[in-house]
Protein chains: 2
Amino acid sequence: MSWGVANLPYGVFSRQGQAPRVGVRYGDRVLDLAAALHDEVFAAPTLNPFMARGRAAWHDTRALIQEKLTGDLSVTGAHLIPLDQVTMHLPIEVGDYVDFYCSLDHASNLGRMFRPDAEPLLPNWRHLPVGYHGRSGTIVVSGTPVKRPRGQLKAGVFGPCAKLDIEAELGFVVGVPSELGSPAGAFEDHVFGVTLVNDWSARDIQAWEYVPLGPFLGKSFATSISPWITPLEALPRIPGRAQDPEPLDYLRRRDDWGLDITVEVSINDEVVSRPPYSGMYWTPDQMLAHMTVNGASLRVGDLFASGTISGPRREERGSLIELTWNGNDPIKLASGETRTFLEDGDTVTIRATAGDVTLGEVSGTIV
Amino acid sequence: MSWGVANLPYGVFSRQGQAPRVGVRYGDRVLDLAAALHDEVFAAPTLNPFMARGRAAWHDTRALIQEKLTGDLSVTGAHLIPLDQVTMHLPIEVGDYVDFYCSLDHASNLGRMFRPDAEPLLPNWRHLPVGYHGRSGTIVVSGTPVKRPRGQLKAGVFGPCAKLDIEAELGFVVGVPSELGSPAGAFEDHVFGVTLVNDWSARDIQAWEYVPLGPFLGKSFATSISPWITPLEALPRIPGRAQDPEPLDYLRRRDDWGLDITVEVSINDEVVSRPPYSGMYWTPDQMLAHMTVNGASLRVGDLFASGTISGPRREERGSLIELTWNGNDPIKLASGETRTFLEDGDTVTIRATAGDVTLGEVSGTIV
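Below is a short write-up of the structure. Not measured: the values here are computed from a predicted model.

A separate point is the sheet that holds strand β2 (residues 21-26) of chain B. Residues and elements named next belong to chain B. Strand order in this open sheet of five strands is β4-β3-β2-β1-β5, and the pairing throughout is antiparallel. Looking at the sheet topology across the chains shown, the edges are occupied by β4 (80-82) and β5 (86-89). For this sheet, the mean inter-axis angle between neighbouring strands, taken without regard to orientation, is 50°. Pairing of strand β1 (residues 10-15) with β5 involves four bridges; the strand directions are antiparallel. The partner of serine 14 across the bridge, within β5, is threonine 87. Those strands touched by helix α3 (residues 55-70) are β1, β2, β3 (29-32) and β4, and its axis lies near 60° from that of β1.

For the structure shown, the criterion picks out 27 aromatic pairs over all chains. Between the aromatic rings of A:Phe158 and B:Tyr250, the centroid separation amounts to 5.0 Å while the plane-to-plane angle is 35°, which identifies the pairing as tilted. With one member in each of two chains, A:Phe158 in strand β10 (residues 157-160) and B:Tyr250 in the loop between β17 (237-238) and β18 (258-259) form a pair that bridges those chains. The exposure class of A:Phe158 is partly exposed, given its relative accessible area of 30%. Connected via pairs of aromatic rings, a cluster forms that spans A:Phe100, A:Phe172, A:Phe187, A:Trp257, A:Phe304 and B:Phe216. Sitting above the plane of the A:Trp3 ring, A:Arg25 keeps its charged end 3.7 Å from the centroid. If you follow A:Arg237 out to its NZ or CZ, it ends over the ring of A:Trp257, 3.6 Å from the centre.

Let us now look at the interface of chain B and chain A. Many analyses report the size of an interface as the accessible area lost when the parts associate. At the interface, 56 residues of chain B touch 56 residues of chain A. Together, the buried faces of chain B and chain A total about 5200 Å²; carbon and sulfur atoms form 62% of this surface. The largest per-residue losses of area from chain B upon contact with chain A belong to B:Arg135, B:Leu213 and B:Phe216, which jointly make up 15% of the total buried on that side. On the surface where chain B and chain A come into contact, there are two salt bridges. A salt bridge links B:Asp302 to A:Arg135; its shortest N-O distance comes to 3.1 Å. Across the contact surface, chain B and chain A share 28 residue pairs in polar contact (both at pLDDT 80 or more). When residues of the side of chain B that touches chain A are traced back to their parent elements, those giving at least two are β6 (97-100), β7 (131-134), β9 (150-154), β10 (157-160), α7 (203-209) and α8 (284-292) of chain B. With four residues, the single largest contributor to the side of chain B that touches chain A is β7(B).

All names here are of chain B. Here glutamate 169 shows up in strand β12 (residues 168-174). Salt bridges are absent for the buried glutamate 169, whose nearest opposite-charge side chain, lysine 219, sits at 5.5 Å. For glutamate 169, the side chain forms a polar contact with the main-chain nitrogen of glycine 307, separated by 3.0 Å. When sequence neighbours within four positions are dropped, the list of residues in contact with glutamate 169 reads Asp99, Thr195, Leu196, Val197, Asp199, Ala305, Ser306, Gly307, Thr308 and Ile309.

A few words now on the pattern of salt bridges. Across all of its chains, the model carries 46 salt bridges over all chains by this definition. Of the charged contacts in the structure, one is a salt bridge between A:Arg25 and A:Asp28, with a shortest N-O distance of 3.5 Å. Take A:Asp28: its relative accessible area is 57%, and that puts it in the exposed class. Residue B:Asp255 pairs with B:Arg237 through a salt bridge whose shortest N-O separation is 3.3 Å. Of this pair, B:Asp255 sits in the loop between β17 and β18 while B:Arg237 sits in strand β17, and the two are 18 residues apart along the sequence.

Attention now moves to the layout of surface pockets. In this model, the largest pocket occupies a volume close to 740 Å³. Forming the boundary of the largest pocket are 41 residues, of which A:Phe114, A:Arg115, A:Tyr210, B:Pro212 and B:Leu213 lie nearest the centre. For the lining of the largest pocket, the secondary structure elements donating two or more residues are β6 (97-100), α5 (104-114) and α7 (203-209) of chain A. For the lining of the largest pocket, a count of residues per class yields 23 nonpolar, nine polar and nine charged. Put simply, the second largest pocket is a space of about 590 Å³. Lining the second largest pocket are 26 residues, and of these A:Gly95, A:Arg299, B:Glu93, B:Val94 and B:Ser136 lie nearest its centre.

Mapping chain B onto chain A calls for a rotation angle of 180° and an axial translation of 0.0 Å; the resulting RMSD is 0.0 Å. The transformation just described matches what one would write down for a two-fold rotation axis. Considering only C-alpha atoms, the part of chain B nearest the rotation axis is B:Gly214, at 2.1 Å.

A word on the pairing of strand β2 (residues 21-26) of chain A. A regular strand places its side chains so that they alternate between the two faces of the sheet. Residues and elements named next belong to chain A. Of all six residues making up β2, five are buried, and the element is well covered by its neighbours. Inspection of the sheet shows strand β1 (residues 10-15) paired to β2 by four bridges, in the antiparallel sense. Bridge pairing in β2 places phenylalanine 13 opposite arginine 21. Counting the residues in the hairpin turn of β1 and β2 gives five residues, including glycine 17, whose phi is positive at 80°.

Take the environment of A:Asp344 next. Residues and elements named next belong to chain A. Within the element layout of this structure, aspartate 344 appears in the loop between β23 (338-339) and β24 (347-354). Between the alpha carbons of aspartate 344 and lysine 147 there is a distance of 8.9 Å; along the sequence they are 197 residues apart. With near-sequence residues (within four places) excluded, aspartate 344 lies in contact with Arg148, Ile366 and Val367. A distance of 2.8 Å separates a polar atom in the side chain of aspartate 344 from a polar atom in the side chain of arginine 148.

Calculation notes
Residues numbered from 1 in each chain as written. Chains lettered and ligands numbered in written order. Predicted model: local features only at pLDDT ≥ 70, side-chain atom pairs only at ≥ 80, totals over all residues. Heavy atoms only, no water. Pairing = 2+ DSSP bridges. Helix = DSSP H or I, 4+ residues; strand = E, 2+ residues; numbered from the N terminus. Axes fitted to C-alpha atoms, helices over the stretch in contact; angles between N-to-C directions. Contact = heavy atoms within 4.5 Å. Phe/Tyr/Trp six-rings, centres within 6.5 Å; stacked < 30°, edge-to-face > 60°. Buried < 20%, exposed > 50% of the residue type's maximum accessible area, 1.4 Å probe, protein only. Lys NZ or Arg CZ within 6 Å of the ring centre and 35° of its normal. Buried area = accessible area lost by both parts, 1.4 Å probe. Salt bridge = Lys/Arg side-chain N within 4 Å of Asp/Glu carboxyl O. Polar contact = N/O pair within 3.5 Å; in protein donor to acceptor, adjacent residues only side chain to side chain. Lys, Arg positive; Asp, Glu negative; His and termini not counted. 1 Å grid on protein atoms, 1.4 Å probe; cavity = no way out; pocket = protein on both sides within 12 Å on 5 of 7 lines; lining within 4 Å. Points joined across faces, edges and corners; volume = space filled by probe spheres on them. Nonpolar A, V, L, I, M, F, W, Y, C, P; charged D, E, K, R; others polar. Least-squares fit on C-alpha atoms with pLDDT ≥ 70 in both.

Here you go:
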């Protein structure tokens with residue numbers, strides 16, 4: 001069965017008239033963990049207090065849930081609630097949000113578009129995972145409508161964004177904090193799980209504003225994440241992609257943290273791209289090591305994302321700016337319509353799977 | 001008297017063995033507000049719950065405190081605690097932290113240094129207040145030691161930052177949130193008060209990492225703020241500096257939000273610069289309007305800062321990279337020592353006053 005005991009992502013749900021609390025998805029139902037495990041940490045409206053318990057607790061809790069769900073369901077079954085009776089909420093209280101830029105194909109495509117006469121990759125790109133801080137206060141859960149932003153499009157021109165885009169990404173959720181002044185420890189001791197991210201982007205606003213301090217209003221209007229956080233333990237791992245030059249020691253991979261995850265991007269229910277996460281240049285353990293090497297501390301609920309996932313082939317590109325080559329080569333939909341960037345009413349859904357494990361979806365409609 | 005009833009900044013203090021709570025500074029004492037006003041909102045460990053009450057409550061509370069302090073001190077005096085008996089804490093729980101780049105002289109100086117053959121200002125600079133998101137989890141209160149960060153200094157080179165710098169700034173603290181999807185309302189309806197900010201900067205790390213997504217590890221290791229938040233009501237206001245071209249309508253000034261604040265930067269107790277806030281090109285109401293014009297929401301505790309305050313004269317520059325022209329022209333200290341960038345053991349203190357009102361100081365020592 002889909003969403004079986006090998007999967008078991010965590011989320012925050014509510015039943016009508018009741019306060020949000022933590023559950024685990026099992027098939028088409030959600031297990032009310034506070035009730036099933038008699039543990040008040042799951043009565044919180046976010047995953048943060050549970051995540052803060054750390055890796056041993058994550059492992060033991062998962063094992064306990066698997067035991068309950070494969071045991072006598074006449075007991076546990078009472079705490080399984082059909083998904084159509086619940087509302088899903090933002091599962092974490094987000095601390096800081098960092099967005100990286102880890103796909104070589106994505107970074108090269110953007111370089112080719114915007115600096116056609118120069119090397120596609122900037123000199124620093126192969127030496128460190130480039131990243132920046134985004135706005136954590138505008139992170140919303142899948143299903144939240146996304147209002148087309150307005151802003152400065154160029155000198156003296158104000159109006160609605162005409163190049164509204166998506167970025168299909170994976171996000172990594174920090175469960176265990178680290179001390180100010182010291183780099184973080186091992187990846188698996190800090191990172192609780194994985195979510196899907198759509199980093200909505202207003203390309204015209206971004207192009208005008210972004211020098212020299214980076215993206216700001218072109219991104220800060222909304223970032224959507226999936227309601228389910230998949231624990232690291234559920235995900236199959238593979239070696240990361242080869243790197244040249246060899247990274248500095250603090251970025252050296254000490255374990256395999258490549259992830260064999262297939263992503264699928266749909267516009268109005270039609271698949272327009274299938275970006276492969278396995279081809280990402282920088283792996284999430286390297287992102288974490290880089291983000292904290294200067295002594296920056298982690299908090300429970302920090303979120304860091306991979307940046308747009310793009311593969312080398314056209315049908316593997318994770319943003320419309322790449323799929324349509326900045327609007328010059330529209331994509332055709334089955335309806336006969338074409339798209340350069342998003343139109344009002346468009347619904348974008350990003351889904352992902354890792355073998356038998358599904359990471360669910362993040363979806364949003366432009367209003 | 002200094003720190004009199006026209007001043008009255010808010011902070012969070014604790015007495016030995018007691019939990020942090022909100023107070024107001026009066027002379028060399030702090031008024032315990034939960035005790036003096038019989039209001040539990042001040043028993044919180046941050047200003048956030050009080051700030052969330054909004055502008056009318058800010059005004060009424062200030063008036064009430066002034067009344068108590070100018071009335072019968074035989075009653076109120078019992079709740080005035082000498083400052084040397086308390087520890088000051090980070091006064092707010094920070095939501096998102098945005099840093100702007102509002103000084104024409106600062107932006108021009110950096111342009112001249114790094115792009116000597118081009119126009120000092122980039123094309124967007126006079127059209128919008130350029131800004132970016134910083135790391136809110138590493139904002140610390142004045143007095144917290146700052147550990148020299150390590151990181152990538154250029155391709156293949158890792159080590160301690162050799163160009164550790166300061167940025168003297170004002171920070172604006174949001175008290176009242178705004179809705180996702182709509183621009184914020186009037187400045188004075190959202191912004192509670194002003195703090196001093198030292199945006200510590202690792203110039204070598206920053207120079208290597210910052211293209212194309214902006215500063216990241218060069219800033220994220222620490223940002224210090226003063227323990228006292230001065231309410232807007234205490235600050236004298238002046239017209240903002242003339243702007244050319246006329247800004248777009250959403251950035252048009254509807255009221256005078258220029259601030260006549262004199263800032264003083266000291267290294268090891270010796271004043272090295274006096275940047276005038278009055279000369280800033282973009283005013284804080286314009287920063288707020290810009291930050292939310294795309295529909296980005298505000299949360300209680302959001303902090304946005306002005307960027308380095310620099311005036312046109314050398315002795316008015318608010319960063320060492322400007323004062324020493326990227327290390328080429330060291331400053332001489334009274335001790336006979338020179339400085340290009342900060343050395344271990346250096347203490348940097350930024351103080352500010354607005355007429356008779358003092359904003360206090362933000363201080364930190366490099367370790």
